[in-house]
Amino acid sequence: MIEKIKKIRFTPRLILRMVIAVALLVYLTWRVVQVTSSEAVFGADTWLRFLISGLVIGGMYALIAIGYTLVYGILFMINFAHGEVMMLGTFAGYFVLEAFSAIPGPGTEGVNFLNAQPIIALILAFIVGAGVAALFGFLLERIAYRPLRGAPRLIPLISAIGASIFLQNAAQLLFGPQRRQYSNPDLLWRGTGWMIPVGDKSVMLTYTGVFSFVLSILLMIGLFILVKKTKLGKSMRAVAENKQAAALMGIDVDSVISKTFLISGALAGAAGVMWGIHNGLFNHYVGFIPGIKAFTAAVLGGIGNIPGAMLGGMVLGLMESLGPALLGLDFQIKDVIAFTILILVLIFRPSGLLGEALTEEKI
Amino acid sequence: MKFKHILVILLIAAFALAGCTQQTEEPMETEEPEETEEVVETEESEGTLPQVCLDDAFGCAEIPAGETIKIGMGAPLLGDYSMFGTDISQAVALALAQDDGFEGFTYELVAEDTGGTPEAGAAVANLLVTDPTVVAIAGHIFSGSTDAAIPIYDTAGLPMMSPSATNPDLTQKGSAVFNRLAFTDADQGRSAANLLFNELGFTKIGVMHDGGTYGQGLADVVQAEFENLGGEVVAYEGITPGEADYVAPLSAVAAGEPEAVYFGGYAADAIVMMNQWAQAGLEGVLFFGCDGTFGVEFTDKTGANGEGAIAASLVPPDSAEKTAFDEAYAAEYPTEAGELSAFTWSSFDTGNVLIAAIESVAFVEGDTLFVPRGALVEAVRNSDFTGLTGLIKCDEIGECNASGPAFYQVVDGVWVPLDLGS
């Protein structure tokens, strides 16, 4: 060990980074100790609430982040219109649930379909939401990115931004700028849940929160199995590794790329429907902020790395929720904290938390 | 390939043409070239300008025959806060439409969207001062966007009368053009703190705000006044407007175990907070809002969660004129007066006050209407008008409000006047 330390070349850059790292660690530890023990403003029930809220939102960010990472792994471009794909999923799920709440349930008197058969309604809402988002992801690739395949990297990026603005405004013109509210089935009503006793208080674990979190985990596991165990997954990994070699091996690269956009769109659509069910209110801008946050999460975890996107999403969600409280700062600057941590991670570990060192071809 | 290029060029040209020919409120197209010189005092003896205009510090607005006298407004007409802009612009438009006009010139409202932001408030102000037929401003609506616009209108000599910008500092900046009909947040905050401590008997409250000029201004007044009265403010938290999840700041407030929570901000965020009330551990704690959280949007989107919430409104006492206005408003528009926001009646009064001021200084020469701008600024400041909300008389700094805030509570999904007997 001493030999290893002796071998380190203490360049000014390294020393500067070490000084910053140590200073930060000291400050953070002092803050955390102060907030949790000496000042002890929040009880255990409040911390649990922060944790729950962070996990739920983290799950949604993770799903959207996976979409960014999948596309980057294959095409080395950031799909900035991904947030809008999520927004379209939210709208699709909304219209399905609205339709179901308008028609009467089978056999029951005075109960609409949504409440008579909530499970079927929810499953259909998710399928339609994910399906519509997947379709738009596919169309996005075909219309905005495929024609620019050979162009310099900046051009598809601009096209993505243009597509994002187009989709936002198209949604505004088609559906109106007013905010709409999801009609949940009574079974999964927003703001209801299990009450967990913590000390002499009780913390609410909302049904929608648990539902969203469990579904996020299930979808992430599903994707992991898809990528690791199926032939399509193998093709995706091959194309991500080296496009030309994969084409030489007989993989239809265009088809794999389209399927990747379909999958990433479907995940974003599912996240969108979850967002609507858990948060309720949305309009055409609903995809903008989660899109940026999920992109941050994907970069935080290591862009191009799927477990990295999942981890990045969770970490970002938890940091947003717990960060201000842990550091004893204003809740208004939770975004500042989240993005500062992103910057710090990129300074000290540029490839992200789980990121891989990029090979030459990828750069 | 070539065909594709031609197609793309044609598409772009089609879009450009569609954009250019769209008739939105664009008064700039009708401007005559020599009008822009009038804003600055000129010594040119054109011979056609009346002496009053040459003497006036800001010159005259010249409205040729066939044009309308325009009153401008910067309001949130689109987006999360559109209920305010829609309600207020509708009421002012009704006031202008009901008036018979002046010497054959009718009035027109030019309402531009600000989305409620200060940046857009300044942009709209810059836009409206370029139109020579805009003589007065009914606005702006949000305190933040009004604050940004006041210096611009000061330079151009356009008088303002806001029905809803309530931040106290707005009249403390020495502006000659800004006046307002709305009660100040200083009044509203003090009334709210008084109500919470003395009438409702709470001793521990939490205070929250949305970081804006209006919201934080109110929250600060309530905090100071409540502590002055002897109460304890156990938590003071700010939120970022436009988010979907406020459980974290609400939980932080809940940790202090308040008996009630005061919120300075707008309905869009209040709705999200109200729906997450129980999740955050604030079950049973009273939500005390402000004039920004009042309206049908709040009751619609919170449903059962909003039961018992309190907000402030600006409803005038009943009178024959109020009933007549309520009926006219309901006949003309799909909503009722006071449904979307608290400011329907004060907006109607704003329109009429401005008309009265314009008619007191304007005159016709030839077939052009001249409105001396400096004289109009003074006329608006010296308004002495009885409207639906009472006697509107402005003091030296531009406070013209006639009636203070009235507090309302959600009972069975509807806003009813707060009944302290319960």
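Residues numbered from 1 in each chain as written. Chains lettered and ligands numbered in written order. Predicted model: local features only at pLDDT ≥ 70, side-chain atom pairs only at ≥ 80, totals over all residues.

Colleague: Give a detailed account of the interface of chain B and chain A, specifying residues and quantitative values.
Modeller: If you look at the interface, chain B gives 28 residues, while chain A gives 26 residues. Those elements that place two or more of their residues in the side of chain B that touches chain A are β8 (232-238), α8 (247-254) and α9 (267-275) of chain B. Here the side of chain B that touches chain A takes six residues from α8 of chain B, the largest share from any one element. A per-class count over the side of chain B that touches chain A returns 13 nonpolar, eleven polar and four charged. (Contact = placed C-beta atoms within 7 Å. Helix = DSSP H or I, 4+ residues; strand = E, 2+ residues; numbered from the N terminus. Nonpolar A, V, L, I, M, F, W, Y, C, P; charged D, E, K, R; others polar.)

Colleague: Help me get a handle on the environment of Gly59 of chain B, residues and values and all.
Modeller: With respect to the helices, strands and loops of the structure, Gly59 of chain B is situated in the loop between α2 (51-55) and β1 (60-63). The spacing of Gly59 of chain B and Leu49 of chain B is ten residues in sequence and 9.7 Å in space, taken between C-alpha atoms.

Colleague: Go over the packing of helix α3 (residues 44-75) of chain A against α8 of chain B, please, and point to the residues and values.
Modeller: Between α3 of chain A and α8 of chain B, whose axes approach to 9 Å, the crossing angle comes to 175 degrees. Classified by the angle their axes make, α3 of chain A and α8 of chain B are roughly antiparallel. Contacts between α3 of chain A and α8 of chain B pair Thr46, Arg49, Phe50 and Ser53 of chain A from the former with Val247, Ala248, Ser251, Ala252 and Ala254 of chain B from the latter. Its residues assigned to classes, the contact of α3 of chain A with α8 of chain B shows five nonpolar, three polar and one charged. (Axes fitted to C-alpha atoms, helices over the stretch in contact; angles between N-to-C directions. Parallel < 35°, antiparallel > 145°, perpendicular 65-115°, else oblique.)

Colleague: Kindly report on the nonpolar core, identifying the contributing residues and their values.
Modeller: Counting residues in hydrophobic clusters, the biggest one holds 138 residues, and the most contacted among them are Val261, Leu354, Ile358, Val371 and Leu376 of chain B. Per-domain counts for this core show at least three residues from each of domain 1 (51-183 + 322-393) and domain 2 (185-313) of chain B. Discounting chain neighbours no more than four positions away, the residues touching Leu376 of chain B are Val135, Ala136, Pro159, Ala357, Ile358, Val361 and Val371 of chain B. Of all hydrophobic cores here, the second largest spans 90 residues; its members include Ile74, Met220, Leu223 and Leu267 of chain A. (Core = buried A, V, L, I, M, F, W, Y, C linked by C-beta atoms within 7 Å. Buried ≥ 20, exposed ≤ 12 C-beta atoms within 10 Å, placed from the backbone. Domains from an automatic or database assignment.)

Colleague: Can you break down the confidence of the model for chain A residue by residue, with the values?
Modeller: Residues and elements named next belong to chain A. Taken residue by residue, chain A gives an average pLDDT of 88. The fraction at 70 or more is 96%. Of all the helices and strands in chain A, helix α1 (residues 2-7) carries the lowest mean pLDDT, 72, while helix α11 (residues 253-279) carries the highest, 95. A low-confidence stretch, residues 359-363 (pLDDT under 50), is modelled with three contacts involving residues beyond four sequence positions or located in other chains. (pLDDT = per-residue confidence, 0-100.)

Colleague: Summarise the domain arrangement of chain B; cite the residues concerned and give the values.
Modeller: Residue and element names in this part refer to chain B. Domain parsing of chain B yields domain 1 (51-183 + 322-393) and domain 2 (185-313). For domain 1 versus domain 2, the separation of C-alpha centres amounts to 31 Å. Taken together, the contact pairs 16 residues of domain 1 with 17 residues of domain 2. Sort the elements by how many residues they give to the side of domain 1 that touches domain 2 and helix α5 (residues 143-156) lands first, with three residues.

Colleague: Could you give an account of helix α12 (residues 288-301) of chain A, with specific residues and numbers?
Modeller: Residue and element names in this part refer to chain A. When the terminal C-alpha atoms of α12 are compared, their 20 Å separation across 14 residues agrees well with the 20 Å that a helix rising 1.5 Å per residue should span. With eleven of 14 residues buried, α12 lies mostly within the body of the structure. Within the span of α12, buried status applies to Pro290, Gly291, Lys293, Ala294, Phe295, Thr296, Ala297, Ala298, Val299, Leu300 and Gly301. Turning to α12, the residues buried within the fold contact α3, α4 (82-102), α11, α13 (306-326) and α14 (334-348). Count one or two residues on from α12 and you reach Gly302, which has phi positive near 110 degrees. (Expected span 1.5 Å × (residues − 1).)

Colleague: How would you summarise helix α13 (residues 373-381) of chain B if you had to cite specific residues and measurements?
Modeller: Residue and element names in this part refer to chain B. For α13, the buried fraction is high: eight of the nine residues fall into the buried class. Within α13, the full set of buried residues consists of Arg373, Gly374, Ala375, Leu376, Val377, Ala379, Val380 and Arg381. Residues of α13 that are buried make contact with β1, β4 (134-137), β5 (160-162), β6 (178-180), α12 (344-361) and β13 (368-372).

Colleague: Provide a residue-level description of the pairing of strand β2 (residues 69-75) of chain B, including the pertinent values.
Modeller: All names here are of chain B. Buried residues dominate β2, accounting for seven of its seven residues. Every second residue of β2 is oriented toward a common face, with Ile69, Ile71, Met73 and Ala75 on one face and Lys70, Gly72 and Gly74 on the other, all of them buried. Judged from the seven bridges that link them, β2 and strand β3 (residues 107-113) form a sheet pairing that is parallel. By the bridge assignment for β3, Ala75 is matched with Asp113. Of the crossover connections in this fold, the one passing from β2 over helix α3 (residues 82-98) to the parallel β3 is right-handed. As defined by bridge partners, β2 adjoins β4 across three bridges and the pair is classed as parallel. Bridge assignment links Ile71 to a residue of β4, and that residue is Ala136. (Pairing = 2+ DSSP bridges. Right-handed = clockwise from strand over helix to strand, strands pointing away.)

Colleague: Can you break down the sheet that holds strand β12 (residues 363-365) of chain B residue by residue, with the values?
Modeller: All names here are of chain B. Read across the open sheet, the three strands follow the order β1-β13-β12; overall the sheet is antiparallel. What marks the edges here is a single partner per strand, and that holds for β1 and β12. Across this sheet, the average inter-strand angle for adjacent strands is 30 degrees, counted without regard to direction. Note that β1 and β13 share four bridges and pair antiparallel. Within β13, the position partnered with Ala61 by the bridge is Val371. Sheet strands in contact with α13 are β1 and β13, and its direction is about 60 degrees off that of β13.

Colleague: Lay out the environment of Tyr329 of chain B in plain terms, naming residues and giving numbers.
Modeller: Residue and element names in this part refer to chain B. Take Tyr329: it is sitting in helix α11 (residues 320-332). The class of Tyr329 is buried, set by 21 C-beta atoms lying within 10 Å. Excluding residues that lie within four positions of it along the chain, Tyr329 makes contacts with Ala91, Leu94, Glu336, Ala337 and Thr344.

Colleague: A description of the packing of α3 of chain A against α12 of chain A should follow, citing residues and the corresponding values.
Modeller: Two quantities define a packed helix pair, namely the angle between the axes and the distance from one axis to the other. Residue and element names in this part refer to chain A. Here α3 crosses α12 at 70 degrees, and the two axes come no closer than 8 Å. As judged from the angle between their axes, α3 and α12 are roughly perpendicular. Between α3 and α12, the residues in contact are Met60, Tyr61, Ala62, Ile64, Ala65, Tyr68 and Thr69 and Pro290, Gly291, Lys293, Ala294, Phe295, Ala297 and Ala298, respectively. A breakdown of the residues in the contact of α3 with α12 according to their chemical character gives eleven nonpolar, two polar and one charged.

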